[in-house]
Amino acid sequence: MASARAARGRWIENWDPEDEEAWERGGKHVARRNLVLSVLAEHVGFSVWSMWSVLVLFMSPKIGLDFAPDEKFLMVVVPTLVGALLRLPYSSAVTRFGGRNWTLFSSLVLLVPAAATVYFVQRPGTPLWVFLLIGAAAGAGGGNFASSMTNITAFYPQRKQGWALGLNAGGGNLGVAAVQLLGLLVISVAGDTHPAYVAAFYLPLIALTALLAALRMDNVAMVRAEPGAQREAAANPHTWWISLLYIGTFGSFIGFGFAFGLVLQSQFGSTPLQAASFTFLGPLLGSVARPLGGRIADRFGGARVTMWAFAGMAVGAGVLLWAGENGSFALFVAGFTWLFVVSGVGNGSTYKMIPAVFARQAEDAITSGRDATAAFAASRRLSGAVIGIAGAAGALGGVAINLAFRSAYGGAGGGAPAFWSFLAFYGLCAVVLRAVYLRGERPSDPLPAAQQSRASHVR
């Protein structure tokens, strides 16, 4: 493994996190430094990506930006969609250009939507299409997740990836809560007529993130992917089963995060201040729960913990149905908050399943006589590709949730049809988990400790 003193900005060659001696000698310090800066960059990306979940609360005749509820839901659908679509190319980009280089570029790109937002939200009468374009540009922040997760996978050994990936993603997910807290602060102090303050706050933060990435992050040669890695992953059925599960967990988290404020306004007629007072709590707790889900999955197995999460999410959807029908604002907020928490746990546990599933396949390949080095190289290559595919699919789940809310509140007049659809989907995910991962001969639990140790040495 390369020395921890490797020149930053250049590629670190011969990186092998499974080499326990090199890991203790300095590799873990390199990994930790890159993880901290990756969390910061992803956090800012998530904040810019989810900024429109806050900005729509400001849209009113008082600032000359009067849009109907279905138009506001469209404003949050567009960045969600673009962020989902960018995750595949972003996960490939980090393997081509390097973690440090791509983090620098992807951070600087966020200056465009942030600066455009500051300008146009202060222009009364700005048409909807302008804000949709700005929202599309803000979707670049959602792509940062895939590149960040692919990069961090290369820095940590398989036995520690549940915690590392959970911490990385959880710190990024906190961007959803952070921008909503910022929106609450702006509304409380300056009123609900100054949305530009929200976007302006991130301009210097984006510049600082890019500078730190340039100075302190590393590129790792190991993360370079062979051509066709995503095609190879697409041919593996586990890619699509895990993507389906991630639609249920992360799709719920990000979809609810974008829609929560608008749902409170549509369901209960909440004012911007009332909505902003509650929207941050669920994303905050859900983000904190994500690394916890990864850590619990390290011990009990990703599939088992994910099943617990879907059971909890089904309970949450049932609570929302009852609270909506009976007009209970407090129970409605509590049900949403519970959904954020259990979906956060499911986010961490589902991502833990990715390296565990392909490590298990590598172990089976070695048992069948294949070369150990090639088998584990294929495992890491597939894990990195699946992280990008599953991340994109999960974000598309957020699009589906916002479209369901747009249809329900724009036509049916209430959220019940949307909540019933979520409940049915959680049931489907539970069936998949039971049939594919919790029964039969190919569980997705982590390799036993002895096998992990043997795998580390054969590499």
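Because the structure is predicted, anything quoted here is derived from the model rather than measured.

Caption draft 1: The arrangement of empty space enclosed by the protein in detail. Counting across every chain of the model gives two cavities of 30 Å³ or more. Roughly 90 Å³ of volume is contained in the largest cavity. Residue lining of the largest cavity: S38, A41, E42, V94, G99, W102, T103, S106, N144, S147 and S148, and that is the complete set. Mapped onto the lining of the largest cavity, the elements with two or more residues apiece are helix 1 (20-49), helix 4 (99-109) and helix 7 (140-155). The element best represented in the lining of the largest cavity is helix 4, accounting for four residues.

Caption draft 2: A look at the side chain of S60. Turning to its location among the elements, S60 is positioned in the loop between helix 2 (52-58) and helix 3 (69-97). What makes S60 buried here is its relative accessible area of 15%. Contacts of S60, omitting those with residues within four sequence positions, involve L65 and D66.

Caption draft 3: Inspection of the pattern of salt bridges at higher detail. Taken as a whole and judged by the stated rule, the model has four salt bridges. Among the salt bridges present, the one from D218 reaches R33, with a minimum N-O distance of 2.3 Å. You can see D218 sitting in the loop between helix 9 (196-216) and strand 2 (219-220) and its partner R33 sitting in helix 1, a full 185 residues away along the chain. Accessibility expressed as a relative area gives 0% for D218, which makes it buried. With a shortest N-O distance of 3.1 Å, K352 and D298 are connected by a salt bridge. Residue K352 is located in helix 15 (residues 329-367), and its partner D298 is located in helix 13 (residues 281-300); the two are separated by 54 residues in the primary sequence.

Caption draft 4: Expanded view of the packing of aromatic side chains. The full count for this structure, using the stated rule, is 38 aromatic pairs. Measuring from centroid to centroid gives 5.8 Å for F97 and W102, while their planes differ by 15°, and the two rings are stacked. Of the residues examined, F97 reaches a relative accessible area of 39% and is grouped as partly exposed. With 5.6 Å between their ring centres and 65° between their planes, F256 and F422 make a pair best called edge-to-face. Remark: F422 occurs in helix 17 (residues 416-437) and F256 occurs in helix 11 (residues 237-268); sequence separation between them is 166 residues. Accessibility assignment for this pair places F256 and F422 in one class, buried. If you follow R123 out to its NZ or CZ, it ends over the ring of Y119, 4.1 Å from the centre. When the ring centre of Y351 is taken as reference, the NZ or CZ atom of R290 above it lies at 5.2 Å.

Caption draft 5: Inspection of the confidence of the model for the protein chain at higher detail. With 90% of its residues at a pLDDT of at least 70, the protein chain reaches an overall mean of 85. Here helix 18 (residues 449-458) stands out as the element of the protein chain with the lowest mean pLDDT, 36, in contrast to helix 5 (residues 111-120), whose mean of 97 is the highest. Every residue in residues 2-9 scores below 50 in pLDDT, and together they form 18 contacts with partners more than four places removed in sequence or on other chains. Considering only residues more than four positions removed or in separate chains, one finds that residues 440-459, a stretch of pLDDT under 50, has 48 contacts.

Caption draft 6: The arrangement of the domain arrangement of the protein chain in detail. Partitioning the protein chain into structural domains gives domain 1 (26-224) and domain 2 (229-438). Computed from C-alpha atoms alone, the centre-to-centre distance between domain 1 and domain 2 is 19 Å. Around 4,300 Å² of area is buried between domain 1 and domain 2 when both sides are counted, 72% of it from carbon and sulfur atoms. Broken down residue by residue, the surface that domain 1 buries against domain 2 is led by L57, F73 and W163, which jointly contribute 16%. Counting every contact that joins domain 1 to domain 2 gives one salt bridge. Across the pair R406 and D70 runs a salt bridge whose closest N-O atoms are separated by 3.9 Å. For the interface between domain 1 and domain 2, the tally reads six residue pairs in polar contact (both at pLDDT 80 or more).

Caption draft 7: Broad picture of the nonpolar core. Core analysis: the biggest nonpolar cluster contains 120 residues, and F336 and F405 have the highest contact counts within it. Looking at this core element by element, the count peaks at 14 residues for helix 11. Counting contributing residues, this core receives three or more from each of domain 1 (26-224) and domain 2 (229-438). Those residues within four positions of F405 in sequence are excluded, and the remaining contacts are F73, F256, A259, V263, F336, G410, A418, F419 and F422.

Caption draft 8: Inspection of the environment of G98 at higher detail. Mapping G98 onto the fold places it in the loop between helix 3 and helix 4. Along the backbone, G98 and R290 are 192 residues apart, and their C-alpha atoms lie at a distance of 26 Å.

Caption draft 9: Quick look at the packing of helix 11 against helix 12 (residues 272-279). Their axes nearest at 9 Å, the elements helix 11 and helix 12 cross at an angle of 135°. The pairing of helix 11 with helix 12 is recorded here as oblique in orientation. Relative to helix 12, the crossing made by helix 11 is right-handed. Between helix 11 and helix 12, the residues in contact are F260, G261, L264 and Q265 and P272, A275, F278 and T279, respectively. Residue classes in the contact of helix 11 with helix 12 are distributed as five nonpolar, three polar and no charged.

Reading guide: rules and limits
- Residues numbered from 1 in each chain as written.
- Predicted model: local features only at pLDDT ≥ 70, side-chain atom pairs only at ≥ 80, totals over all residues.
- Heavy atoms only, no water.
- 1 Å grid on protein atoms, 1.4 Å probe; cavity = no way out; pocket = protein on both sides within 12 Å on 5 of 7 lines; lining within 4 Å.
- Points joined across faces, edges and corners; volume = space filled by probe spheres on them.
- Helix = DSSP H or I, 4+ residues; strand = E, 2+ residues; numbered from the N terminus.
- Buried < 20%, exposed > 50% of the residue type's maximum accessible area, 1.4 Å probe, protein only.
- Contact = heavy atoms within 4.5 Å.
- Salt bridge = Lys/Arg side-chain N within 4 Å of Asp/Glu carboxyl O.
- Phe/Tyr/Trp six-rings, centres within 6.5 Å; stacked < 30°, edge-to-face > 60°.
- Lys NZ or Arg CZ within 6 Å of the ring centre and 35° of its normal.
- pLDDT = per-residue confidence, 0-100.
- Domains from an automatic or database assignment.
- Buried area = accessible area lost by both parts, 1.4 Å probe.
- Polar contact = N/O pair within 3.5 Å; in protein donor to acceptor, adjacent residues only side chain to side chain.
- Core = buried A, V, L, I, M, F, W, Y, C linked by side-chain atoms within 4.5 Å.
- Axes fitted to C-alpha atoms, helices over the stretch in contact; angles between N-to-C directions.
- Parallel < 35°, antiparallel > 145°, perpendicular 65-115°, else oblique.
- Left-handed = near helix turned anticlockwise from the far one by under 90°.
- Nonpolar A, V, L, I, M, F, W, Y, C, P; charged D, E, K, R; others polar.

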